[in-house]
Amino acid sequence: QAVAPLHPVTVQCQEAQVVVTVHRDLFGTGRLVKAADLTLGLAACLPMAQRAAEPTVTFVAALHECGSTLQITPDSLIYKTSLFYKPTPSGNLVIVRTNTAVVPIECHYPRKSNVSSNAIQPTWVPFHYTLSTEEKLMFSLRLMNDDWSTERSFNGFQLGESLHIQADVSSRGHVPLRLFIDDCVATLSPDRSSSPRYALIDLSGCFVDGRSEDTTSAFISPRLRQETLQFTLDAFKFAGDNRNLIYITCHLKVSPADQAPNPLNKACSFNKASSLWTPVEGTGDICSCCDTGNCP
């Protein structure tokens, strides 16, 4: 009695294509199927050219080719296709000695996180294979007009005026994100490490400039949306320096929107009336490190 191969069909879900390898002893009977009787997908794509004596047949197709279908779920992109075996008569044109077969094939690509890209060997039931993905996020920092409706066309200010600054991240289908400002520093040159420099936001989201005398600098609460963070900043200049150009450099970051704010991911303003730090969202204790300076 012949022993069926452990994995008669193996699949590699690569970054942009799928590779399907079929053992010609498809049913484990010792009787080899003909390569010409195997096709991939509803478009009946043919296998790669190979010698008749080869024990395997290989298909290579782009994920969207051969009539494959795409299903999008909250967590995954799923490309679906099928391997078809349709025996044709040989010798005796009246009979065939094997049945038709359909092997469903799925490639799952996660939309949320990085996972192992080690191959999974399928059997006769639908299976999935996951691949590392890399998501690029687009951050922006803009000067806005006083009602926040559009970007400010002129970047000149007089002392006594307030700057309206808006930070955004474009996620484009990514899992919902919440934007934070880790730190902001003002300098007289594009080099944020140059001197003199003045910390506006520090300690993983503490608006330290708001503690200064005669300033109303603060984060805007509540947020316009989770991927946006706005703040007002009283105009200033560096003492003893007559230059009228100041560079503000901010470090922006994101966390999952369903993750509660914490001392590492927070947006805290100082309330002079109560002498307390107040978060844009989350409990007040996440801002306690703004006083101690022991923030992550």
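Refer to the structure presented above.
Quantities reported herein were computed from a predicted structural model and do not represent experimental measurements. (Residues numbered from 1 in each chain as written. Predicted model: local features only at pLDDT ≥ 70, side-chain atom pairs only at ≥ 80, totals over all residues. Heavy atoms only, no water.)

1. Re the overall build of the protein chain
Alright, step 1. The helix and strand tally for the protein chain stands at one helix and 16 strands.
Alright, step 2. The burial tally for the protein chain puts 39% of its 296 residues in the buried class.
Alright, step 3. The contacts of the protein chain with a sequence gap of at least 6 include a subset with a gap of at least 24, amounting to 57%. (Helix = DSSP H or I, 4+ residues; strand = E, 2+ residues; numbered from the N terminus. Buried < 20%, exposed > 50% of the residue type's maximum accessible area, 1.4 Å probe, protein only. Contact = heavy atoms within 4.5 Å.)

2. Side note on the pairing of strand β5 (residues 69-72)
Alright, step 1. Where β5 and strand β6 (residues 76-85) come together, four bridges link them in antiparallel fashion. Bridging across to β6, I72 finds its partner in L77. (Pairing = 2+ DSSP bridges.)

3. Digging into the packing of aromatic side chains
Each aromatic ring pair is described using two quantities: the centre-to-centre distance and the angle formed by the ring planes.
Alright, step 1. Going through the model one piece at a time under the given rule, you end up with seven aromatic pairs.
Alright, step 2. A ring pair is formed by Y79 and Y109, whose centres lie 6.0 Å apart and whose planes are at 85°; its orientation type is edge-to-face. Taken together, the residues Y79 in strand β6 and Y109 in strand β7 (residues 101-110) connect sequence positions 30 residues apart.
Alright, step 3. Relative to F236, the ring of Y198 has its centre 5.8 Å away and its plane inclined at 65°; by these criteria the two rings are edge-to-face. Note that Y198 is positioned in strand β11 (residues 197-201) and F236 in the loop between β13 (228-234) and β14 (247-256), a separation of 38 residues in sequence.
Alright, step 4. The class for Y198 is partly exposed, based on a relative accessible area of 28%.
Alright, step 5. Overall, the relative accessible area of 24% leaves F236 in the partly exposed class.
Alright, step 6. Ring-pair connections join several aromatic residues into one group, and the members of that group are Y198, F236 and F238.
Alright, step 7. Positioned above the aromatic ring of F180 is the side chain of R223, whose terminal nitrogen or guanidinium carbon lies 5.2 Å from the ring centre. (Phe/Tyr/Trp six-rings, centres within 6.5 Å; stacked < 30°, edge-to-face > 60°. Lys NZ or Arg CZ within 6 Å of the ring centre and 35° of its normal.)

4. Overview of the sheet that holds β11
Alright, step 1. Read from one edge of the open sheet, three strands run β11-β10-β14, paired in antiparallel fashion. The strands lining the two open edges of the sheet, one partner per strand, are β11 and β14. Going from strand to strand, the sheet's axes swing by 20° on average, the running direction of each strand aside. (Axes fitted to C-alpha atoms, helices over the stretch in contact; angles between N-to-C directions.)

5. Some points on the sheet that holds strand β4 (residues 56-62)
Alright, step 1. Reading across from one edge, β1-β2-β4 is the order of the three strands in this open sheet, with antiparallel pairing throughout. Every interior strand has two partners, whereas the edge strands, β1 (9-13) and β4, have only one. In this sheet, neighbouring strand axes are inclined to one another by 15° on average, regardless of whether the strands run parallel or antiparallel.

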